[in-house]
Amino acid sequence: LTDAALVEEGGHKVGVLATVSPLATPGLPADRQRGLTIEPILPAVSRGARALREAGATWVVLLTQMPRTTAAREELATLRASLAPGTGPDVILAGG
C-alpha cells in the first residue's frame, strides 16, 4: 500500500496522491486502521504534492476518502483555500 504514485501516459507524468481524512477513521474497523498514519490533511497533501512535482509530475490528482458530512465538506473547502496556486493538487476527487 502506498500513498502516492507517478504514472506516465502519452508523454505526461501524472502524480496520484491518496489520503484518508481523519474524519473518516471512526467509521473504519480497528483491523483496517492498523498501519495507517493519520495526520492533518493540509500538511500531508502539501508534502505529497510537492514530492510528486519534484519527481516530475506535471499534473497532481488527489484521491481523498472522507465521510459525507458537513464537517468533511468544510475540511475539503479549507484544504482548497489553504493551498497556494501550484503547490497542491490540480484535481481533487473526494469520496465517502
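First things first, this report covers the structure right here in the doc. (Residues numbered from 1 in each chain as written. Predicted model: local features only at pLDDT ≥ 70, side-chain atom pairs only at ≥ 80, totals over all residues. Heavy atoms only, no water.)

To continue, consider the sheet that holds strand E2 (residues 12–20). Pairing is mixed across the open sheet formed by 4 strands, whose spatial order is E1-E2-E3-E4. Each end of this open sheet is capped by a strand with a single partner; those strands are strand E1 (4–9) and strand E4 (91–95). Within this sheet the neighbouring strands show an average axis-to-axis angle of 20°, counted without direction. Sheet strands in contact with helix H2 (residues 41–54) are E1, E2 and strand E3 (59–65), and its direction is about 160° off that of E2. (Pairing = 2+ DSSP bridges. Helix = DSSP H or I, 4+ residues; strand = E, 2+ residues; numbered from the N terminus. Axes fitted to C-alpha atoms, helices over the stretch in contact; angles between N-to-C directions. Contact = heavy atoms within 4.5 Å.)

In this section: the pairing of E2. Note: E1 against E2, 6 bridges, orientation antiparallel. Across the sheet, Glu9 pairs through a bridge with His12, a residue of E2. As defined by bridge partners, E2 adjoins E3 across 7 bridges and the pair is classed as parallel. Among the inter-strand pairings, Thr19 is bridged to a residue of E3, identified as Thr64.

None of the figures reported here should be taken as evidence of function without further support.
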